[in-house]
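Next come the chains, spelled out residue by residue.
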Amino acid sequence: MISDFLKTELQSRVAHAVTNREAAVDVMKELQRHYGWLTDEAVAEAAELLGLTPLQVEELATFYEMIYRRPVGRHVIHVCDSISCWALGGESLMAHLAARLGIEPGGTTADGMFTLLPCCCLGNCGEAPTLMIGDTLHGRVTPERAVEILNEARKTAATVPGAPGALRKEEKA
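Our subject in this report is the structure included herewith.

The rules behind the values
Residues numbered from 1 in each chain as written. Predicted model: local features only at pLDDT ≥ 70, side-chain atom pairs only at ≥ 80, totals over all residues. Heavy atoms only, no water. Axes fitted to C-alpha atoms, helices over the stretch in contact; angles between N-to-C directions. Helix = DSSP H or I, 4+ residues; strand = E, 2+ residues; numbered from the N terminus. Parallel < 35°, antiparallel > 145°, perpendicular 65-115°, else oblique. Left-handed = near helix turned anticlockwise from the far one by under 90°. Contact = heavy atoms within 4.5 Å. Nonpolar A, V, L, I, M, F, W, Y, C, P; charged D, E, K, R; others polar. Phe/Tyr/Trp six-rings, centres within 6.5 Å; stacked < 30°, edge-to-face > 60°. Salt bridge = Lys/Arg side-chain N within 4 Å of Asp/Glu carboxyl O. Buried < 20%, exposed > 50% of the residue type's maximum accessible area, 1.4 Å probe, protein only. Expected span 1.5 Å × (residues − 1). Pairing = 2+ DSSP bridges. Core = buried A, V, L, I, M, F, W, Y, C linked by side-chain atoms within 4.5 Å. Arc of directions from axis to C-beta.

Turning our attention to the packing of helix H1 (residues 4–16) against helix H3 (residues 40–50). With their axes 10 Å apart at the nearest point, H1 and H3 run at an angle of 50° to one another. Judged by the angle between their axes, H1 and H3 are oblique. The two elements H1 and H3 meet at a crossing, and its hand is right-handed. Taken together, the residues of H3 that come into contact with H1 (itself represented by Lys7, Leu10, Gln11 and Val14) are Glu48, Leu49 and Leu50. Taken together, the residues that form the contact of H1 with H3 break down as four nonpolar, one polar and two charged.

What follows is the structure, encoded as structure tokens:
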């Protein structure tokens, strides 16, 4: 269940949109940020906020590959598999990350820290191969740089209060 504050914020965003559907991705992303993924409860809440049916929200959610309808790790790694990234080593980068994390593409590490997903295009073709972790885009990623990026994400998760991967207040008790 979302807080009254978040509900009011999302209602304001919907009210300022030209149409409710225009606000749909923004609402779904915010609910995803709240829950960690777009749960069935979040779909129902989005439908109510947007004046749509849950089926209409589900249709939108499953269209966008960065809206997650199943649990994901605290950090989602999208590896671009467009033709540009593929031609410049994206497939090898994906294989390296999968081996390093001990998971297949589409999987989540046992500690729940990382989910590894292919992505059809990250719009960074001139900097191929590209990956995105969270909201941060990384270009010209070598296997060595990929390991640095993973280490940075783990370090941030462990040291920054409120960061993805940091223990929440209720988890510390």
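Here the focus is the packing of aromatic side chains. A complete count under the given rule lists one aromatic pair for this structure. Relative to Tyr64, the ring of Phe63 lies with its centre 5.0 Å away and its plane at 90°, an arrangement referred to as edge-to-face.

Going through the model one piece at a time under the given rule, you end up with eleven salt bridges. Note that Arg140 and Glu127 form a salt bridge whose closest N and O atoms lie 3.1 Å from each other. A residue pair is termed long-range when its members are at least 10 positions apart, and Arg140 in the loop between strand S4 (136–138) and helix H7 (143–159) and Glu127 in the loop between strand S2 (114–119) and strand S3 (131–133) qualify at 13 residues. Its relative accessible area of 32% is what places Glu127 among the partly exposed residues. Glu152 serves as the salt-bridge partner of Arg145, at 3.1 Å between the closest nitrogen and oxygen. A relative accessible area of 26% places Arg145 in the partly exposed class.

Attention shifts here to helix H2 (residues 24–35). With twelve residues, H2 should reach 16 Å at 1.5 Å per residue; the first-to-last C-alpha distance of 16 Å fits that figure. Of all the residues in H2, the buried ones are Ala24, Val27, Met28, Glu30, Leu31 and Gln32. At its buried positions, H2 is contacted by H1, H3 and helix H4 (54–63).

In terms of burial, S2 is a largely internal element, five of the six residues being buried. With six bridges connecting them, strand S1 (residues 75–80) and S2 associate as parallel partners. Residue pairing for S2: Cys80 is matched across the bridge by Cys119.

We now examine the nonpolar core. Membership of the largest hydrophobic core comes to 22 residues, with the highest contact counts inside it found for Leu10, Val27, Met28, Leu31, Leu38, Leu50 and Val57. At the level of elements, H1, H2, H3 and H4 are the ones that each hand at least two residues to this core. Among the elements that make up this core, the one with the highest residue count is H3 (six residues). Those residues in contact with Val27, other than ones at most four positions away along the chain, are Leu10, Val14, Ala46, Leu49 and Leu50.

The next thing to look at is H4. Burial in H4 covers these residues: Val57, Leu60 and Ala61. The buried residues of H4 occupy an angular sector of 100° when projected down its axis, which confines them to one face. In H4, the exposed positions angled more than 90 degrees off the buried face are occupied by Leu55, Thr62 and Phe63.

It is worth spelling out the environment of Ile133 at this point. As for its placement among the helices and strands, Ile133 is situated in strand S3. By relative accessible area, which is 9% here, Ile133 ends up buried. Separated by twelve residues in sequence, Ile133 and Arg145 place their C-alpha atoms 13 Å apart. Ignoring anything within four residues of it in the chain, the contact list for Ile133 reads His75, Val76, Ile77, Phe114, His138, Ile149 and Ala153.

So, about unusual backbone geometry. Of all residues except glycine, most have a negative phi; of all peptide bonds, most are trans. A cis amide bond links Ala128 to the next residue, Pro129, at an omega of -5°. The backbone phi angle of Arg140 is positive, close to 50°, even though this residue is not glycine.

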